[in-house]
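# A structural walkthrough
Here are the chains, one letter per residue:
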Amino acid sequence: MNKRPRRLRSNPLVRGLVKETVLQVSDLIYPLFIIEGNHIKEEISSLKGVYRFSLDKLEEEINEIVQLGIQYVLIFGIPQHKDNRGSQAYDDEGIVQKAVKKIKSITDKLYVITDVCMCEYTSHGHCGILNEKGDVDNEKSLYYLGQVALSHAKAGADMIAPSDMMDGRVGYMRKELDEWGYTHTPIMSYSAKYASSFYGPFREAAGSAPTFGDRKSYQMDYANSNEALREVALDIEEGADIVMVKPALAYLDIIRRVKDTFNIPIAAYNVSGEYAMLKLAVEQGLLDEKAIIETLLSIKRAGADIIITYFAKDIAKLLKD
Ligand code: PBG
């Protein structure tokens, strides 16, 4: 009986000593939905415990986030006006731009990341601009996305996170940011973003479902894994500082492959559908809430350094107990 793995499981202290993966609040980025209008704090029906806030209702939430020890937020905007060019996305007075300024005026303790995409702002709901035929026009979209990134940086965003999946956008945005003097603003790129059903609740939350077709011409086929490595390699070449795999749970293998192949920080997006499933199961009493920690830890164990999750507040509370 020389080999007895249980020896190192026999008491809590020794288990702590040999623990390989730790989940900390400082690993987490909390997404925030900010909506145009006044006096709005409405729960998103498909995302229990997550709300849309108007700017005037933001302060209480921001203070709670800071108090819980969360340091990173990812901002999504929900504009009142949409058009075919998504003009509110790059307006200096747009909802995200205002939200960044507002958060910065409330606290200096939060690192503010902004999602750069067109889908919440375009009348057709696609992540880029369409050509005459009605297809998403990659090259034309780059120009607009560059404007969005720049306007976020000007508003004071600490980091930008392009989620549109157009080819070449990381390089384009990097160049644009550098030219305007934002050489220190990092880019966290949604590099391997799959065309997934798990975004369903988000699209309801942000009102960003496409009005026709789907996103398969720009988001990845979930049958593919080598392709994810090619996407990540390109983004790194173009200047991404952090690469992302999205969704997380059905894609733990992708996270691990990216981790084993590249030497760069990896973020994983524990998306809305993943949150909704687990949140409901815990609420119904089907699963113990520790299942949340177990699930999030699996994403770290797979190789993610950073997790974007709607569970950030729950985890901050659970880890305090
Ligand atoms: C915007 C965007 C989406 C998500 C993040 N940014 C939706 C989509 O691509 O359709 C999904 C996030 C989630 O499901 O939690 N492009």
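What this report covers is the structure whose coordinates are included nearby. Worth saying up front: this structure is predicted, and the values here are computed from it rather than measured.

Turning to the overall build of the protein chain, a few remarks are in order. Secondary structure summary: the protein chain contains 11 helices and 10 strands in total. The C-alpha atoms of the protein chain give a radius of gyration of 20 Å, which matches the 20 Å a tight globule of 321 residues would have. Each principal axis of the C-alpha distribution contributes one length, and for the protein chain these read about 75 × 45 × 40 Å. Classification of the 321 residues of the protein chain by burial places 54% in the buried group. Within the protein chain, residue pairs in contact and separated by at least 24 positions form 73% of the contacts whose partners lie at least 6 positions apart. As displayed, the protein chain offers around 14,900 Å² of accessible surface, 49% of which is attributable to carbon and sulfur atoms. Positive and negative side-chain charges of the protein chain, numbering 40 and 46 respectively, have mean locations separated by a distance of 8 Å.

Scanning the model with the defined rule gives 0 disulfides in all. Here Cys119 stays unpaired: no disulfide links it, and the sulfur of Cys117, its closest cysteine neighbor, is 3.9 Å away. Judged by relative accessible area, which is 7%, Cys119 ranks as buried. The cysteine Cys127 is free of any disulfide, with Cys117 supplying the nearest cysteine sulfur at 3.6 Å. Look at Cys127 and you get buried, because its relative accessible area is 0%.

The end-to-end C-alpha distance of helix H4 (residues 138-155) is 26 Å, a good match for the 26 Å that 18 residues give at a rise of 1.5 Å each. Most of H4 sits out of view: 13 of its 18 residues are buried. At the N-terminal end of H4, a side-chain oxygen is found 3.2 Å from the backbone nitrogen of Glu139, two or three residues along, and the residue is Asp137. Once H4 ends, the next one or two residues include Gly156, with phi positive near 115°.

Here we come to unusual backbone geometry. Here the bond from Lys246 into Pro247 is cis, since omega is -10°, no more than 30 degrees from zero. Along the chain, Pro247 turns up in the loop between strand S8 (242-246) and helix H8 (252-261). The phi angle at His39 is positive, at roughly 55°, despite the residue not being glycine. Assignment of secondary structure puts His39 in the loop between strand S1 (28-35) and strand S2 (41-43). For Met165, which is not glycine, the phi dihedral falls at a positive 70°.

In this section: the site of the ligand. As a structural note, the neighbourhood of the ligand is formed by 18 residues, with Lys193, Arg203, Lys246, Ser272 and Tyr310 the closest of them. A distance of 3.4 Å is found between a nitrogen atom of the ligand and a side-chain nitrogen or oxygen belonging to Lys246. Look at the ligand: alone it shows 390 Å² of surface, and the protein chains cover 100% of it.

Criteria and thresholds
Residues numbered from 1 in each chain as written. Predicted model: local features only at pLDDT ≥ 70, side-chain atom pairs only at ≥ 80, totals over all residues. Heavy atoms only, no water. Helix = DSSP H or I, 4+ residues; strand = E, 2+ residues; numbered from the N terminus. Rg over C-alpha atoms; globule rule 2.2 N^0.38 Å. Buried < 20%, exposed > 50% of the residue type's maximum accessible area, 1.4 Å probe, protein only. Contact = heavy atoms within 4.5 Å. Areas by Shrake-Rupley, 256 points an atom, 1.4 Å probe, with all protein chains shown as cover. Lys, Arg positive; Asp, Glu negative; His and termini not counted. Charge placed at Lys NZ, Arg CZ, Asp CG, Glu CD. Disulfide = S-S within 2.5 Å. Expected span 1.5 Å × (residues − 1). Polar contact = N/O pair within 3.5 Å; in protein donor to acceptor, adjacent residues only side chain to side chain. Near = heavy atom within 4 Å.

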